[in-house]
Amino acid sequence: MKRTVRHLADGREIIYFDERPDAPAGTAEDTRDLPPVAATSEIRLDPLSGEWVAMAAHRQTRTYKPPADLCPLCPSKPGKPSEIPESDYDVVVFENRFPSFSQGVSESPSTVDDLGLVPTAPGRGRCEVVCFTSDHNGSFAGLPPSRVRTVMDAWADRTAELSAMDGIEQVFPFENRGEEIGVTLHHPHGQIYGYPFVTPKTQRALEVARSYQELHGRPVLGDVLAAERKVGTRVVAEGEHWTAFVPPAARWPVHVLLVPHRQVPDIPALSADERDDFAEVYLRVLHSCDRLYDRPLPYIASWNQAPVRTGRDLGWLHLELFSVLRSKDKLKYLAGSESGMAVWINDATPEQIADRLRAAG
């Protein structure tokens, strides 16, 4: 793989990941007249939940459902410059023009009231866009295994880079796919967030992992993985180094975990063989998902990595894929119980979900 770092007209970093080491060097210049990025993010600590909430009002003006011929993620064409100056690319990563978190945010007041009940801090972090292919009409499921491996290497590169940046506590690569999920750019892409705090979900997972480790002397996800592989009822796909299964307490109408057989904290820690095997297993899962309702499945695929500085001995890297689509034309809405009380009610059992995915595959 060849890695080339360039800069866009407003100073944002763009990194090209070419599959061939002898690929021509990317030398195209960004000819657009862009204003400087003006990120004004701040984070506020909710005194009732103890959780950080990000405020990023500048994102109201971000790009929203542009026509295909003006897609900002396609390669640039004569007279139609985009976010990617080159005329073609394999995988490319660049800083988001409308970031939720940024290294360039200024200091904010330490509290929003006179009582000190709501501490605030700059929303200092990093947000990047990852384009998986230059083909506007493609999909992650349509990538060859070699391209998935390139994406894996790009995720690993960016996780390592962001983890070394000032103030970043957790790195979160993810893909949103489909309008039902909230996608506003249809070009196949994902994002990477570098958070200035450990996310609530990860904090809770580490608490559970720590309690289980103290009680049993083993990692909880390792025991869950061993049980799922032994029983097999909820296993959807399996390789030499990875197993994909529906979690035994699945929350979503389509819900799959992809777990490596070896405990590692994050993507950079994966071996070459583990990265290759992930590509094969994940593509099988995605093909099953798209055949499930005979239509492209809208989904979120999120990497659960250990935080940068805490809980790395407890973390076990895994990918979580889920969808709000409960039939070909029906959505699962997060209604009163889910949104109001965070108590999930699934319309299907995990065993039924797994049966349907295996049949589709």
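K.L.:
Looking at this structure, I do not really get the layout of surface pockets. What am I missing?
P.N.:
Here the idea is plain: a probe the size of a water molecule rolls over the atoms and shows the empty space left. Reported here for the largest pocket is a volume of approximately 1,800 Å³. Lining of the largest pocket is provided by 46 residues; of these, Lys 201, Thr 202, Ala 205, Asn 304 and Glu 320 occupy positions nearest its centre. For the lining of the largest pocket, the elements supplying multiple residues, two or more each, are β8 (170-177), α2 (200-216), α3 (220-231), β12 (254-260), β13 (299-304), β14 (318-323) and α5 (336-341). When residues in the lining of the largest pocket are grouped by element, the largest group, 8 residues, is from α2. Counted by class, the lining of the largest pocket contains 29 nonpolar, 11 polar and 6 charged residues. When its volume is computed, the second largest pocket comes out at roughly 520 Å³. If you go around the second largest pocket, you meet 22 residues; those closest to its centre are Arg 62, Thr 63, Asn 96, Thr 184 and Leu 185. Mapped by element, the contributors of at least two residues to the lining of the second largest pocket are β8 and β9 (189-195). Sort the elements by how many residues they give to the lining of the second largest pocket and β9 lands first, with 3 residues.

K.L.:
What exactly am I supposed to notice about the nonpolar core here?
P.N.:
In summary, soluble globular proteins display a tendency toward joint burial of nonpolar side chains. Counting residues in hydrophobic clusters, the biggest one holds 56 residues, and the most contacted among them are Phe 140, Trp 155, Leu 258, Phe 278, Tyr 282, Trp 303 and Leu 357. The contact partners of Leu 357, leaving out residues within four places of it in the chain, are Val 236, Val 246, Val 254, Val 256, Ser 288, Cys 289 and Leu 292.

How each quantity is defined
- Residues numbered from 1 in each chain as written.
- Predicted model: local features only at pLDDT ≥ 70, side-chain atom pairs only at ≥ 80, totals over all residues.
- Heavy atoms only, no water.
- 1 Å grid on protein atoms, 1.4 Å probe; cavity = no way out; pocket = protein on both sides within 12 Å on 5 of 7 lines; lining within 4 Å.
- Points joined across faces, edges and corners; volume = space filled by probe spheres on them.
- Helix = DSSP H or I, 4+ residues; strand = E, 2+ residues; numbered from the N terminus.
- Nonpolar A, V, L, I, M, F, W, Y, C, P; charged D, E, K, R; others polar.
- Core = buried A, V, L, I, M, F, W, Y, C linked by side-chain atoms within 4.5 Å.
- Buried < 20%, exposed > 50% of the residue type's maximum accessible area, 1.4 Å probe, protein only.
- Contact = heavy atoms within 4.5 Å.

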